[in-house]
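# Fold and geometry: a report
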Amino acid sequence: MAIETAAFGAGCFWGVEARFSELTGVIDTAVGYEGGTLEHPTYQDVCTDRTGHAEVVQVKFDPSRISYESLLDTFFSLHDPTQVNRQGPDFGTQYRSVIFTHNDQQFREARARVAELNASGTYRNPIATQVVPASSFWKAEEYHQRYLEKRGMVSCHI
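Since this is a predicted model, take the numbers as computed values, not measurements. (Residues numbered from 1 in each chain as written. Predicted model: local features only at pLDDT ≥ 70, side-chain atom pairs only at ≥ 80, totals over all residues. Heavy atoms only, no water.)

### Brief notes about the sheet that holds strand E2 (residues 26-34)
Keep this limit in mind: Any two strands are treated as partners once DSSP identifies two or more bridges connecting them. Each helix corresponds to a stretch of at least 4 residues labelled H or I by DSSP, and each strand to a stretch of at least 2 residues labelled E; elements are numbered beginning at the N terminus. In this description, a line fitted to the C-alpha atoms serves as the axis of each element, helices being fitted only across the stretch in contact, and the angle between N-to-C directions of two axes falls anywhere from 0 to 180 degrees. Between two residues, a contact is recorded if the distance between any of their heavy atoms is within 4.5 Å.
An order of E7-E6-E1-E3-E2-E8 is seen for the 6 strands of this open sheet, with the pairing classed as mixed. Whereas interior strands pair on both sides, the edge strands pair on one side only; in this sheet they are strand E7 (130-133) and strand E8 (137-139). Neighbour to neighbour, the strand axes of the sheet diverge by 35° on average, direction disregarded. Here strand E1 (residues 4-10) pairs with strand E6 (residues 97-101) via 4 bridges, running antiparallel. Opposite phenylalanine 8, over in E6, you have isoleucine 99 as the bridge partner. Along the sheet, helix H1 (residues 13-21) makes contact with E1, E2 and strand E3 (54-61), crossing E2 at roughly 165°. Contacting E1, E2, E3 and E6, helix H3 (residues 68-77) runs over the sheet at an angle of about 15° to E1.

### Examining the nonpolar core
Put simply, the rule reads: Take the buried Ala, Val, Leu, Ile, Met, Phe, Trp, Tyr and Cys residues and link them wherever side-chain atoms come within 4.5 Å; each set so joined is a nonpolar core. Three exposure classes are used, based on accessible area relative to the maximum for each residue type with a 1.4 Å probe and protein chains only: buried under 20%, partly exposed in between, and exposed over 50%.
One finds Phe8, Phe20, Val59, Tyr68, Leu71 and Ile99 to be the most contacted residues of the largest nonpolar core, which totals 31 residues. For this core, the elements supplying multiple residues, two or more each, are E1, H1, E2, E3, H3 and helix H4 (104-120). With residues up to four places along the chain from it excluded, the contact list for isoleucine 99 reads Ala7, Phe8, Tyr68, Leu72, Phe75, Phe76, Ala110, Thr129, Gln130, Val131 and Val132. Ala54, Val56, Val98 and Phe100 belong to the second largest nonpolar core, which has 5 residues in total.

The following block contains the structure:
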């Protein structure tokens, strides 16, 4: 079984992780920080909005059981991809809509999906989602991992 990695930022990572972890073919999820300049950032560092990191969910998946395209569908269904640096009550660059791609195929598929959504008229405003090559993923503190599950919650504000 070949396992692939994907990473998505769609606002606060707690609810995003919960939804991805429910998908058949997703082997594991972890929440963390990606796309910034500080090595080994903490939640407190990222919340300053000065590190450049986004809150992301790293998804390990079996492409024979779930396609990257299906992961993209889930990603776009979980948040408003037209928002710039915010989702719901959360604002700052750490809450931006972003896809960190781990290979050329993911990059092409993600860019194509953004173009497709913009052309479809599904949203009144243009898609603000950034599509960028993956950088260092820094796993968030343990208390953030499976946050909703640990608290017996099924969702937050997403």
